[in-house]
Amino acid sequence: MTFFEHCDLDQRFTLSKSSWTPRGQYALVFDFDQRRAIKLYMNEDTSDEDVVFKIMAKFVDSGAIRSDSVWIQVSPDGNELIDQGSEVEEDYTMIPCYWTRDQFPPALPSVRRSDLVELDRLGLQVDRVAYDIPEGHTKEATFKYLVYENNIGAFWEEVNCIIGMHSRGTHPNIVSFDRLVTETVKGVEKIVGFTTEFIPGGTLDDSKTRLFKLKYLHQLIETVDFLNLELGVVHGDVLSWNLLIDERTDNILLFDFNSAFPLGEKPEISDVDLVVVAMFDVITRSLGDVFDGESPYEIDGVQLLAADLWEKDPEVNLDADVFEFLRVLKAWVERRKAAEEDPETEEVARNPVEWPELPDPPLVDCSGVMEPRESEMRQRLIMAGQPYMAWQRPSSHDLSLPENKGKVLLATGEFV
């Protein structure tokens, strides 16, 4: 079962736009499962995401929407699919303007997107893949890619953070960079994503019965200190869903740097506070109940440590008393907070990672006028007879269809 078969609808879909055309009122919806944009016409208010997403899921998962359709018309109550079409004029799909290979360090290894085989869908713009390596072996990796145009700036920050850390060597408690992923369009090699090492077993959020050892907390503390105080990187999302246990090494691993930023840039977000929140979640499994409706990124770690809330969930397994975990946490938090507040010991990274500025967007033809844009309409490329990067793939519900048995799905979205 892929991520998209059990996630919330507002994780799978995003409402990009709600507007009018001569055909009527529509919602432009992006489906991260199929990596596809569809205009939904229903002659009713299309700004209600709950309504729009339920309608989209109903007709996408039933197979009622053709693979080439770019718009659908449903009845006012959303129960009936009335019409659909593939006219280029109705195609509002946006194609990110990907960066070129020469905008990245030349020594980094790479792999072509067409050489990646999809094995699983782990989340939004994240898949588990495999590719062939020398001597007849196959390597599994996590493929993180850019397909949704609104993520361009954040993706640039993340990939360069990962590359910057990789240039300082591997760390035993950080999931390591693997390769850049490329695709050639009009003779130019573009970077569409990157791969990292794949660690099986799921995150700490996935299994609360897995034994959590005191040494994992020590490793996590050391890792956050290394990131913050050595590399000048704030992870920004040190929570249970971004933590793994590598059973081969018995180490805790931190991954997913899409919220990372340079130390000091966002003082309101603290990795120290987030480690406390993560440990509260691991030990009590009551984060959502205790802080219902409150963002975990706004919880004060010192106050949480002092609260009488640290009752271990009966199904949670620890190799030490909760008191011992709290003792280690409190000592570390006190040290880090004291350093933050003392101007004589202001936290400054010893060997900070460089964060290159987001390049200026290329000039794109916009109705005959060349303008700097981070993405361009697929419609215009098709009308101009130009090649474009295709990402659309079958929905998760279609992967087990009889006609797909015995085939493999490439990262390009093609069955072969």
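Please read these numbers as outputs of a predicted model, since none were measured by experiment. In this convention, every chain numbers its residues from 1, walking through the sequence in written order. With pLDDT at 70 or above as the cut-off, local features in this predicted model cover only qualifying residues; side-chain atom pairs require 80 or more to be listed or tallied, and sums for whole chains, interfaces and linings still use all residues. The side-chain numbers reported here are obtained from all heavy atoms of the structure, hydrogens and water having been left aside.

Quick notes on the pattern of salt bridges
Each salt bridge in this description consists of a side-chain nitrogen of Lys or Arg and a carboxyl oxygen of Asp or Glu lying within 4 Å of one another. Here the structure, examined in full by the defined rule, presents 32 salt bridges. A salt bridge links Glu140 to Arg128; the nearest nitrogen and oxygen atoms lie 2.9 Å apart. Within this pair, whereas Glu140 is found in strand 11 (residues 137–145), its partner Arg128 is found in strand 10 (residues 126–133), the two being separated by twelve residues in sequence. For the salt bridge of Glu315 with Lys208, the shortest nitrogen-to-oxygen distance reads 4.0 Å. With a gap of 107 residues between them, Glu315 in the loop between helix 7 (301–306) and strand 19 (317–318) and Lys208 in the loop between strand 13 (188–197) and strand 14 (211–212) connect regions that are remote in the sequence. Sharing partners across several salt bridges, the network here consists of Arg12, Asp31, Asp33, Arg35, Asp61, Glu118, Arg121, Asp127 and Arg393. Helical segments are the DSSP runs of H or I of at least four residues, strand segments are the runs of E of at least two, and each set is numbered from the N terminus.

Some words on the packing of aromatic side chains
The pairing test for Phe, Tyr and Trp rings, Trp by its six-membered ring, is centres within 6.5 Å, and the orientation test on the planes gives stacked under 30 degrees, edge-to-face over 60, and tilted for anything in between. One pass over the full model with this rule turns up 20 aromatic pairs. Plain terms: the ring middles of Phe30 and Phe32 are 5.0 Å apart, the flat faces sit at 70° to each other, and that makes the pair edge-to-face. Comparing Phe30 with Phe32, the two get one shared label, buried. Between Tyr145 and Trp391 the ring centres are 5.0 Å apart and the planes differ by 20°, which places this aromatic pair in the stacked class. Taken as a pair, Tyr145 in strand 11 and Trp391 in the segment after helix 9 (378–383) lie far apart in primary sequence, 246 residues in all. Neither Tyr145 nor Trp391 differs from the other in exposure class; each is buried. Put simply, the rings of Trp99, Phe104, Phe155, Trp156 and Phe194 pair up and form one aromatic cluster. Two thresholds decide whether a charge sits over a ring: the Lys NZ or Arg CZ must be within 6 Å of the ring centre and within 35 degrees of the ring normal. The ring of Tyr26 is capped by Lys39, whose NZ or CZ atom sits 4.7 Å from the centre of that ring. Note that Lys39 overlies the ring of Tyr92, its terminal NZ or CZ placed 3.8 Å from the centroid. Here the term buried applies to any residue with accessible area under 20% of the maximum for its type, exposed to any over 50%, and partly exposed to those in between, with areas from a 1.4 Å probe on protein chains only.

A closer look at the pairing of strand 17 (residues 251–254)
Every other side chain in a regular strand lies on the same face of the sheet, so the side chains alternate between the two faces. With burial as the criterion, each face of strand 17 is covered, one bearing Asn251 and Leu253 and the other bearing Ile252 and Leu254. We call two strands paired when DSSP finds no fewer than two bridges between them. As defined by bridge partners, strand 16 (residues 243–246) adjoins strand 17 across four bridges and the pair is classed as antiparallel. If you follow Ile245 over to strand 17, its bridge partner there is Ile252. In this antiparallel pair of consecutive strands, strand 16 and strand 17, the connection spans four residues, and Asp250 shows a positive phi of 60°.

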